[in-house]
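# Commentary on secondary and tertiary structure
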Amino acid sequence: MRGYFITFEGGEGAGKTSVLKAVEQRLLENGHEVVATREPGGIEIAENIRQIILDPSHTEMDGKTEALLYAAARRQHLVEKVLPALQEGKIVLCDRFIDSSLAYQGYARGLGMEEVFQINKFAISKCMPDLTLFFDIQPETGLKRIAANKQREKNRLDLENVKFHEKVYEAYQLLLDKFPGRIHSINADQPIDMVANAAYEKIVSFLH
(Lines give C-alpha, C1' and ligand atoms only; values in the text may rest on other atoms or scores of the structure.)
Protein backbone atom coordinates (compact mmCIF):
# COMPACT_ATOMS: atom_id res chain seq x y z
CA MET A 1 0.00 0.00 0.00
CA ARG A 2 1.59 3.22 -1.18
CA GLY A 3 1.35 6.31 0.99
CA TYR A 4 0.54 9.85 -0.12
CA PHE A 5 3.02 12.47 -1.29
CA ILE A 6 1.79 15.99 -0.41
CA THR A 7 3.86 19.07 -1.23
CA PHE A 8 3.67 22.63 0.09
CA GLU A 9 4.53 25.42 -2.35
CA GLY A 10 4.60 29.21 -2.40
CA GLY A 11 6.73 32.31 -2.61
CA GLU A 12 9.00 33.66 0.10
CA GLY A 13 7.17 34.53 3.33
CA ALA A 14 4.02 32.54 2.49
CA GLY A 15 4.22 30.74 5.85
CA LYS A 16 4.13 27.23 4.39
CA THR A 17 6.89 25.92 6.67
CA SER A 18 4.97 26.91 9.81
CA VAL A 19 1.73 25.56 8.35
CA LEU A 20 3.39 22.25 7.49
CA LYS A 21 4.46 21.77 11.11
CA ALA A 22 0.93 22.52 12.35
CA VAL A 23 -0.65 20.15 9.82
CA GLU A 24 1.86 17.42 10.66
CA GLN A 25 0.92 17.66 14.33
CA ARG A 26 -2.81 17.43 13.65
CA LEU A 27 -2.40 14.45 11.34
CA LEU A 28 -0.27 12.64 13.95
CA GLU A 29 -2.87 13.37 16.63
CA ASN A 30 -5.48 11.76 14.39
CA GLY A 31 -3.54 8.54 13.99
CA HIS A 32 -1.80 9.06 10.67
CA GLU A 33 1.80 8.03 10.07
CA VAL A 34 3.54 11.15 8.81
CA VAL A 35 7.00 12.06 7.57
CA ALA A 36 7.71 15.80 7.35
CA THR A 37 10.64 16.96 5.25
CA ARG A 38 11.90 19.81 3.08
CA GLU A 39 13.68 20.68 -0.15
CA PRO A 40 16.42 21.20 -0.76
CA GLY A 41 17.41 19.09 2.23
CA GLY A 42 15.73 16.49 4.38
CA ILE A 43 18.79 14.21 4.45
CA GLU A 44 22.52 14.90 4.96
CA ILE A 45 23.66 14.99 1.32
CA ALA A 46 20.77 17.20 0.24
CA GLU A 47 21.25 19.52 3.24
CA ASN A 48 24.89 19.97 2.20
CA ILE A 49 23.78 20.85 -1.34
CA ARG A 50 21.27 23.28 0.22
CA GLN A 51 24.12 25.13 1.93
CA ILE A 52 25.84 25.59 -1.43
CA ILE A 53 22.70 26.74 -3.26
CA LEU A 54 21.44 29.18 -0.64
CA ASP A 55 24.75 30.62 0.60
CA PRO A 56 24.32 34.41 0.24
CA SER A 57 27.97 34.71 -0.83
CA HIS A 58 27.38 32.56 -3.94
CA THR A 59 25.97 35.44 -5.99
CA GLU A 60 27.91 34.35 -9.10
CA MET A 61 26.06 31.02 -9.35
CA ASP A 62 24.76 30.36 -12.87
CA GLY A 63 21.04 29.66 -13.25
CA LYS A 64 21.60 26.28 -14.89
CA THR A 65 24.03 25.29 -12.14
CA GLU A 66 21.38 26.23 -9.61
CA ALA A 67 18.71 24.15 -11.40
CA LEU A 68 21.01 21.12 -11.63
CA LEU A 69 21.94 21.34 -7.94
CA TYR A 70 18.27 21.44 -6.94
CA ALA A 71 17.60 18.39 -9.13
CA ALA A 72 20.56 16.54 -7.62
CA ALA A 73 19.42 17.27 -4.07
CA ARG A 74 15.88 16.24 -5.05
CA ARG A 75 17.05 12.89 -6.42
CA GLN A 76 19.00 11.92 -3.30
CA HIS A 77 16.20 13.09 -1.02
CA LEU A 78 13.68 11.02 -2.97
CA VAL A 79 15.59 7.73 -2.96
CA GLU A 80 16.80 8.06 0.61
CA LYS A 81 13.73 9.42 2.39
CA VAL A 82 10.57 10.06 0.37
CA LEU A 83 10.20 6.82 -1.61
CA PRO A 84 10.91 4.52 1.38
CA ALA A 85 8.29 6.38 3.45
CA LEU A 86 5.72 6.11 0.64
CA GLN A 87 6.44 2.40 0.28
CA GLU A 88 5.70 2.03 4.00
CA GLY A 89 2.27 3.63 3.45
CA LYS A 90 3.09 6.92 5.21
CA ILE A 91 1.94 10.43 4.39
CA VAL A 92 4.93 12.50 3.26
CA LEU A 93 4.58 16.27 3.75
CA CYS A 94 7.32 18.05 1.81
CA ASP A 95 8.17 21.76 2.01
CA ARG A 96 8.78 22.45 -1.73
CA PHE A 97 9.33 20.03 -4.61
CA ILE A 98 9.46 20.14 -8.42
CA ASP A 99 7.05 23.10 -8.76
CA SER A 100 9.57 25.33 -6.98
CA SER A 101 12.17 24.54 -9.64
CA LEU A 102 9.67 25.26 -12.42
CA ALA A 103 8.70 28.59 -10.82
CA TYR A 104 12.08 29.86 -9.60
CA GLN A 105 14.57 28.51 -12.14
CA GLY A 106 12.28 27.75 -15.07
CA TYR A 107 10.22 30.94 -15.10
CA ALA A 108 11.77 33.60 -12.84
CA ARG A 109 15.35 32.82 -13.94
CA GLY A 110 14.21 32.47 -17.55
CA LEU A 111 15.61 28.98 -18.15
CA GLY A 112 12.27 27.74 -19.46
CA MET A 113 9.74 25.72 -17.47
CA GLU A 114 9.78 22.83 -19.93
CA GLU A 115 13.59 22.72 -19.94
CA VAL A 116 13.73 22.59 -16.14
CA PHE A 117 10.96 19.99 -16.12
CA GLN A 118 13.06 17.77 -18.40
CA ILE A 119 16.02 17.98 -16.00
CA ASN A 120 13.75 16.99 -13.14
CA LYS A 121 12.03 14.15 -15.00
CA PHE A 122 15.42 12.43 -15.00
CA ALA A 123 15.78 13.10 -11.27
CA ILE A 124 12.33 12.05 -10.01
CA SER A 125 11.60 8.98 -12.18
CA LYS A 126 7.88 9.83 -12.53
CA CYS A 127 7.37 10.41 -8.78
CA MET A 128 5.04 13.42 -8.85
CA PRO A 129 3.09 14.67 -5.81
CA ASP A 130 -0.40 13.32 -5.23
CA LEU A 131 -1.52 16.70 -3.91
CA THR A 132 0.14 20.13 -3.90
CA LEU A 133 -0.98 23.09 -1.79
CA PHE A 134 -0.01 26.52 -3.08
CA PHE A 135 0.06 29.15 -0.34
CA ASP A 136 -1.11 32.26 -2.11
CA ILE A 137 0.20 35.61 -0.91
CA GLN A 138 1.27 38.72 -2.82
CA PRO A 139 5.09 38.93 -3.12
CA GLU A 140 5.42 42.30 -1.38
CA THR A 141 3.40 41.04 1.60
CA GLY A 142 5.53 37.92 1.85
CA LEU A 143 8.77 39.90 1.68
CA LYS A 144 7.54 42.23 4.44
CA ARG A 145 6.93 39.15 6.62
CA ILE A 146 10.50 38.00 5.97
CA ALA A 147 11.91 41.40 6.90
CA ALA A 148 9.94 41.34 10.16
CA ASN A 149 11.01 37.78 11.07
CA LYS A 150 14.48 38.11 12.58
CA GLN A 151 14.73 34.37 13.32
CA ARG A 152 14.14 33.23 9.73
CA GLU A 153 17.03 31.73 7.77
CA LYS A 154 18.28 34.43 5.38
CA ASN A 155 19.34 32.95 2.05
CA ARG A 156 20.53 33.94 -1.42
CA LEU A 157 16.98 34.09 -2.81
CA ASP A 158 16.15 36.81 -0.29
CA LEU A 159 18.67 39.04 -2.10
CA GLU A 160 16.57 39.01 -5.27
CA ASN A 161 14.52 42.09 -6.12
CA VAL A 162 10.74 42.33 -5.99
CA LYS A 163 10.42 41.77 -9.76
CA PHE A 164 12.03 38.33 -9.39
CA HIS A 165 9.53 37.34 -6.70
CA GLU A 166 6.67 38.71 -8.81
CA LYS A 167 7.77 36.41 -11.64
CA VAL A 168 7.79 33.48 -9.20
CA TYR A 169 4.21 34.36 -8.28
CA GLU A 170 3.24 34.54 -11.96
CA ALA A 171 4.78 31.11 -12.50
CA TYR A 172 2.70 29.55 -9.74
CA GLN A 173 -0.45 30.97 -11.35
CA LEU A 174 0.55 29.24 -14.59
CA LEU A 175 1.14 25.99 -12.72
CA LEU A 176 -2.28 26.25 -11.06
CA ASP A 177 -3.82 26.47 -14.53
CA LYS A 178 -1.69 23.62 -15.89
CA PHE A 179 -2.29 21.17 -13.02
CA PRO A 180 -5.76 22.00 -11.65
CA GLY A 181 -6.35 18.45 -10.43
CA ARG A 182 -3.15 18.37 -8.38
CA ILE A 183 -2.45 21.94 -7.23
CA HIS A 184 -4.91 23.69 -4.92
CA SER A 185 -4.65 27.29 -3.75
CA ILE A 186 -4.80 28.28 -0.07
CA ASN A 187 -5.24 31.93 0.95
CA ALA A 188 -2.05 32.57 2.94
CA ASP A 189 -2.81 36.24 3.64
CA GLN A 190 -4.64 35.53 6.91
CA PRO A 191 -3.68 34.44 10.46
CA ILE A 192 -1.49 31.33 10.54
CA ASP A 193 -4.04 29.21 12.43
CA MET A 194 -6.65 29.91 9.75
CA VAL A 195 -4.19 29.01 6.99
CA ALA A 196 -3.21 25.81 8.81
CA ASN A 197 -6.85 24.86 9.29
CA ALA A 198 -7.62 25.41 5.59
CA ALA A 199 -4.61 23.30 4.61
CA TYR A 200 -5.54 20.53 7.02
CA GLU A 201 -9.13 20.43 5.78
CA LYS A 202 -7.94 20.26 2.17
CA ILE A 203 -5.64 17.34 2.97
CA VAL A 204 -8.28 15.43 4.97
CA SER A 205 -10.76 15.92 2.13
CA PHE A 206 -8.20 14.55 -0.31
CA LEU A 207 -7.38 11.54 1.89
CA HIS A 208 -11.06 10.64 2.16
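Bear in mind the structure is a predicted one, so any value in this text is a computation, not a measurement.

Each value, and the rule that gives it
Numbering of residues starts from 1 in every chain and runs along the sequence as written. Two thresholds apply to this predicted model, a pLDDT of at least 70 for residue-level local features and 80 or more for giving and counting side-chain atom pairs, whereas whole-chain, interface and lining totals are computed over all residues. Side-chain measures here rest on the full set of heavy atoms in the structure, leaving out hydrogens and waters. Helix and strand labels come from DSSP, where a helix needs a run of H or I of at least four residues and a strand needs a run of E of at least two; each type is numbered from the N terminus. Based on C-alpha atoms, the radius of gyration is set beside the globule rule, defined as 2.2 Å times the residue count to the power 0.38. Any residue under 20% of the maximum accessible area for its type is buried, any over 50% is exposed, and the rest in between are partly exposed; the area is computed with a 1.4 Å probe on protein chains only. Contacts: residue pairs with any heavy atoms within 4.5 Å of one another. Accessible surface area values rest on a Shrake-Rupley calculation with a 1.4 Å probe, where residue burial reflects the displayed protein chains alone. Working convention for charge: Lys and Arg count positive, Asp and Glu count negative, and His plus the chain ends are omitted. Note that the charge is assigned to NZ on lysines, CZ on arginines, CG on aspartates and CD on glutamates. UniProt positions are given in the numbering used here, feature names are shortened, and annotations may be inferred rather than shown by experiment. Any two strands with at least two DSSP bridges between them are considered paired. Every axis corresponds to a line fitted to the C-alpha atoms, with the helix fit spanning only the stretch in contact, and the corresponding angles, defined between N-to-C directions, vary from 0 to 180 degrees. Planes of paired rings set the category: under 30 degrees apart is stacked, over 60 is edge-to-face and the rest tilted, where pairs are Phe, Tyr or Trp rings (Trp by its six-membered ring) whose centres lie within 6.5 Å.

Turning to the overall build of the chain, a few remarks are in order. Secondary structure summary: the chain contains 8 helices and 5 strands in total. In summary, the chain has a C-alpha radius of gyration of 16 Å against a globular reference of 17 Å for 208 residues, a match within 12%. With the principal axes as the frame, the chain shows a C-alpha extent of 45 × 35 × 35 Å. Relative to its full complement of 208 residues, the chain shows a buried share of 47%. Considering only residue pairs separated by 6 or more positions, the chain has 79% of its internal contacts joining residues 24 or more positions apart. Entry remark: accessible area of the chain is about 10,100 Å², with carbon and sulfur atoms responsible for 52%. Averaging the locations of the 26 positively and 30 negatively charged side chains of the chain gives two centres separated by 1 Å.

All right, on to the UniProt feature "binding site: ATP" (unreviewed entry) in the chain then. The UniProt record annotates "binding site: ATP" (unreviewed entry) at Gly10, Gly11, Glu12, Gly13, Ala14, Gly15, Lys16 and Thr17. Relative to the helices and strands, Gly11 is located in the loop between strand S1 (4-10) and helix H1 (16-29). Apart from residues no more than four positions distant in its own chain, Gly11 is found in contact with Arg96, Tyr104 and Tyr172. Its place among the elements puts Gly15 in the loop between S1 and H1. Among all residues touching Gly15, those that are not within four sequence positions of it are Arg145 and Ile192.

Another point: the sheet that holds strand S3 (residues 91-95). If you trace the 5 strands from one edge of the open sheet to the other, you get S2-S3-S1-S4-S5, paired in parallel fashion. The open sheet is flanked by strand S2 (34-38) and strand S5 (183-187), the only strands paired with a single partner. On average, adjacent strands in this sheet sit at an angle of 20 degrees to one another, irrespective of strand direction. Sheet strands touched by H1: S1, S2, S3 and strand S4 (131-136). Its angle to S3, the strand with the most contacts, is close to 165 degrees.

Along any regular strand the residues' side chains alternate between the sheet's two faces. Buried residues dominate S3, accounting for 5 of its 5 residues. Along S3, one buried face is formed by Ile91, Leu93 and Asp95 and the opposite face, lined by Val92 and Cys94, is buried too. Inspection of the sheet shows S1 paired to S3 by 5 bridges, in the parallel sense. By the bridge assignment for S3, Phe5 is matched with Val92.

With that settled, consider the environment of Leu175. Here Leu175 is to be found in helix H7 (residues 162-178). Linking Leu175 and Ile6, residues 169 residues apart in sequence, is a C-alpha distance of 16 Å. Dropping the residues within four chain positions of it, Leu175 is found in contact with Asp99, Leu102, Met113 and Ile183.

Here the structure, examined in full by the defined rule, presents 6 aromatic pairs. Plain terms: the ring middles of Phe5 and Phe97 are 4.9 Å apart, the flat faces sit at 75 degrees to each other, and that makes the pair edge-to-face. One end of the pair, Phe5, is in strand S1; the other, Phe97, is in the loop between S3 and helix H4 (98-108), with 92 residues separating them in the sequence. Of the residues examined, Phe5 reaches a relative accessible area of 0% and is grouped as buried.

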